[in-house]
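Summary of the model geometry
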Amino acid sequence: MIKMFRFKDWKIRTKLAFAFLCVLLPLSSTAFLSVHLFSKKVKEEAASQLANTVLMIYKLCQSQDQGYQGDQQKIALLQGVVKQAVRNVRAEKTGYAYVMDSKGVLIVHPAREGENIIGETDSNGVAFMREMSVKAMEMGPGEVGEVRYPWMNVELGDTKPRMKLLKYVYFRPWDWIVCAGTYESEIFQGVDETQRIVLEAFAVTFTLILILTFVIGSVLVRPLTELNAVTQQIAAGDLSQNVNIHRKDEIGTLAESFRTMAGQVRRYTQDLERTVEERSRRLADSERKYRTLVESSVDGIVTTDQKGYITFANTAMEDLLGEQREVLLGKHIAYYYKRGIDEAREIMRELRKQGHFRNREITLESKTREIQIMTSSSLLQNEKGEIIGTLGVFTDITEIKRLEAELQKTQAHLVQTMKMRALGDLVAGVAHSVNNPLMASNTILHVISEDTDPDSPNYQRIKIIKECNRRIEKIVQHLKDFSRQSEGKFSVVDINNTIEDALLITVQQLQNRNIRLVKGLTTGMHQPLVRGDASQLEEVIMELIANARDAMEESDHEKVLTIESKVVAGNGKKTVILRISDTGKGISKEIVDKIFEPFFTTKEQGKGTGLGLSIAYGIVEQHGGRMEVESKEGEYTTFSIVLPGVDPNTIEM
Amino acid sequence: MPRKILVVDDDEMVLIALEELLGSKGYDIRTASGGTQARKIIETELFDLLILDLVMPGMDGYELCRRIRQDARFKETPVLMLTALSGEEDKRKGEEAGANLFLPKPISPQRLLSLIESALS
């Protein structure tokens, strides 16, 4: 609050006004004081003049009276002299002297001699004559009294009462009250004049001061105001403004300095603008470059805030998830993780631990598909090192994964094929090596048996050896079949016919074992044609039917053998599928991989060679097909044979 | 006059067995353990029937059969080819070389005897 009243905070005009007033006020107060003292003096003088007048008349009366006491005639004469003197008294313009006795009768008066004026009242209604006569009677000889009263003299043209000053003295010997009075205004006439002159001088001076204050103020303040306005405009950013003050005083210098400064500011600003423009351009270039980099990346790039809400996603990410950027932004990243928030938490935990990680495999889930992803991620930090979010790069490895799986399958298949082929070669060698001694043995046994008495024990023993040899022979025969490498004579075969041929031989066996046969063979247009060896294919079907039959041997539930054939078209190729299912004991998971290997059997010793399925497998493979098995233990087994089909229209005639 | 048969096989056991079998049926048997020995024998002797093994060290059954067939004396002589191989391709090659019958090993003695009998009749 105090600050508001500090002199330097005042406006320049106020200061000027204050300065002028500081000079004017003592001057004017001195002038007024002088006038006041002067008027007082004048008044005192006038009063004393009046008093002197009445005293003089009093003394005159005294001196006249002294020598002539008791002589009435002389006294009257003397009184006449005094009366005349009184009549000649004039004070100021309209002032005069008069005499009345204590009863109010005017003894001497310029206009009203003889009248009794004891009851006269002034303009306020005060009977001042009576008061005066009472006072006069009480006064000592030569003592002068004074009375002031407002009086309106119509004869003199007064329209309102004026103060009148009256001095009086009482001359007891004659009972005379001598009075002299005048209007105060007339006494002060000169004083008033002086006062008027002083006032007028004051008014003129004051007016001059006001004008000066205004003019000087304007001269000083206007350029400052203009400077201020321009400064404010410049501050607001309008640099085209300039100060239009050209003078030679300090303000002119200030304006010049200001112009120089404004010019500098303009130059600096232009430099700054150029620099900013240049930097902005470079920044924009750099931004464009990185945006192009990010946008042309084939990998999805995503940033999230600390909480995991997506703050940026590039085009590749849009394509990956099949969603527009507007949809992605603001969504939580966990929304797209197949494992949801758990995945997001694990990733965040890992990031907090080491700041980044590489090549983590995760699964994303879009509206339409699951996407296998290899992701690398890192924390995003600001200049202060505070974590502001995460950055993730997502590589779609769905196709790679699919190919990997396919490759694995192909590899497994290749391994299986190679294994079978190696086994085939081995078996062929074994078969060949066994056949010679087997033949020699059989031949010798034959010779011996012919020489032996059929009733002798040796004949029986020879028969047992022969049986043994027959079994060996059978095994070797199977081995040879399995290892048969040559394709033989392939022709176009209708699998349905092959199935019917195989069933012709086996149907009776199935009936004997209470096995219901269900046939689902393709008909009409979809003739299941393959290129192959009909007898070999029949062998395969027979083997599978025999296996199915044996699998259902001890089955408790309904025994059903289903044979189906169908043609599947795809990729411009036809595929023939042959399926044989049973409701038997099934194949346990542990051994399902081994069933196509030679010598693998679950049948009791002597009942099977363990070669049937491996031979069937070999045959199917030679036909360019594959054999698959699907089984549930205790419920069913299904063998599927998939062979390349032949289009009936392309068969060579 | 017993019929004369030459058996060629690198397996001595087979030779012994066939000699026993065919000998017991009254055939006159000569044996050779390889192509070279066989050709030496047929230079001086004539045979009514030849039994050749296919897979032998040195000269194999096809080669031997071809050579024998080049000899005018053996142009019409029945040749049985015994083999542990049984592919169609082998059979074709055997026939090309001039074999009359292509039989798999092991063959049952009864069948072999009946085939020989019918070949010689």
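Scroll up to find the structure this text is about.
Presented here is a report on the structure given in the accompanying data block.

Some remarks on the sheet that holds strand β18 (residues 636-644) of chain A
Picture the strands of a sheet paired through backbone hydrogen bonds; they go either parallel or antiparallel. Residues and elements named next belong to chain A. Read from one edge of the open sheet, five strands run β13-β15-β16-β18-β17, paired in mixed fashion. Every interior strand has two partners, whereas the edge strands, β13 (516-520) and β17 (626-632), have only one. Strand after strand, the sheet turns through a mean of 15° between neighbouring axes, direction not considered. Inspection of the sheet shows β17 paired to β18 by seven bridges, in the antiparallel sense. Residue pairing for β18: Ser631 is matched across the bridge by Thr637.

Section: the pattern of salt bridges
Residue and element names in this part refer to chain B. Tallied over the full model, the rule gives 42 salt bridges over all chains. One salt bridge in this structure joins Glu45 and Arg30, with 2.2 Å as the shortest N-O distance. One end of the pair, Glu45, is in the loop between α2 (35-44) and β3 (49-53); the other, Arg30, is in strand β2 (residues 28-32), and 15 residues separate them in sequence. When its relative accessible area of 14% is taken as the criterion, Glu45 is described as buried. Measuring nitrogen to oxygen at the nearest pair gives 3.1 Å for the salt bridge that ties Glu63 to Arg67.

Looking at unusual backbone geometry
Of the consecutive residues B:Lys105 and B:Pro106, the connecting peptide bond is found in the cis state with omega at -10°. Tracing the backbone shows B:Pro106 in the loop between β5 (101-104) and α5 (109-120). With a phi close to 55°, A:Asp175 is a non-glycine residue in the positive phi region.

Observations regarding the packing of helix α1 (residues 12-66) of chain A against helix α5 (residues 189-235) of chain A
All names here are of chain A. Where α1 meets α5, the closest approach of the two axes is 9 Å, and the angle between their N-to-C directions is 175°. As summarised for this structure, α1 and α5 are arranged roughly antiparallel, according to the angle between their axes. Residue composition of the contact of α1 with α5, by class: 23 nonpolar, eight polar and one charged.

Concerning the interface of chain B and chain A
Counting from both sides, the interface comprises 21 residues of chain B and, opposite them, 15 residues of chain A. Carbon and sulfur atoms make up 70% of the area that chain B and chain A hide from each other, which totals about 1700 Å². One can count one salt bridge joining chain B with chain A. Ionic pairing is found between B:Lys25 and A:Glu450, a salt bridge with its closest N-O pair at 2.8 Å. Between chain B and chain A we count three residue pairs in polar contact (both at pLDDT 80 or more) in total. Those elements giving two or more residues to the side of chain B that touches chain A turn out to be α1 (12-24) and α5 of chain B. Sort the elements by how many residues they give to the side of chain B that touches chain A and α1(B) lands first, with seven residues. Residue classes in the side of chain B that touches chain A are distributed as 14 nonpolar, two polar and five charged.

What about helix α9 (residues 341-354) of chain A?
All names here are of chain A. With 14 residues, α9 should cover 20 Å at 1.5 Å per step; its first-to-last C-alpha distance of 20 Å lies within 8% of that length. Buried within α9 are the following residues: Glu343, Ala344, Ile347, Met348 and Leu351. Down the axis of α9, the buried set is contained in an arc of 130°. They therefore lie on one face. Opposite the buried face of α9, at more than 90 degrees from it, the exposed residues are Arg345, Arg349, Arg352 and Lys353. In this structure, the buried side of α9 is in contact with β9 (356-365), β10 (370-381) and β11 (387-396).

A short note on the sheet that holds β3(B)
Residue and element names in this part refer to chain B. Pairing is parallel across the open sheet formed by five strands, whose spatial order is β2-β1-β3-β4-β5. With one partner strand each, in any of the chains shown, β2 and β5 form the two edges of the open sheet. The mean angle between the axes of side-by-side strands here comes to 20°, regardless of whether they run parallel or antiparallel. With five bridges connecting them, strand β1 (residues 4-8) and β2 associate as parallel partners. Along β2, the bridge assignment pairs Val8 with Ala32.

What counts as what
- Residues numbered from 1 in each chain as written.
- Chains lettered and ligands numbered in written order.
- Predicted model: local features only at pLDDT ≥ 70, side-chain atom pairs only at ≥ 80, totals over all residues.
- Heavy atoms only, no water.
- Pairing = 2+ DSSP bridges.
- Helix = DSSP H or I, 4+ residues; strand = E, 2+ residues; numbered from the N terminus.
- Axes fitted to C-alpha atoms, helices over the stretch in contact; angles between N-to-C directions.
- Salt bridge = Lys/Arg side-chain N within 4 Å of Asp/Glu carboxyl O.
- Buried < 20%, exposed > 50% of the residue type's maximum accessible area, 1.4 Å probe, protein only.
- Parallel < 35°, antiparallel > 145°, perpendicular 65-115°, else oblique.
- Nonpolar A, V, L, I, M, F, W, Y, C, P; charged D, E, K, R; others polar.
- Contact = heavy atoms within 4.5 Å.
- Buried area = accessible area lost by both parts, 1.4 Å probe.
- Polar contact = N/O pair within 3.5 Å; in protein donor to acceptor, adjacent residues only side chain to side chain.
- Expected span 1.5 Å × (residues − 1).
- Arc of directions from axis to C-beta.

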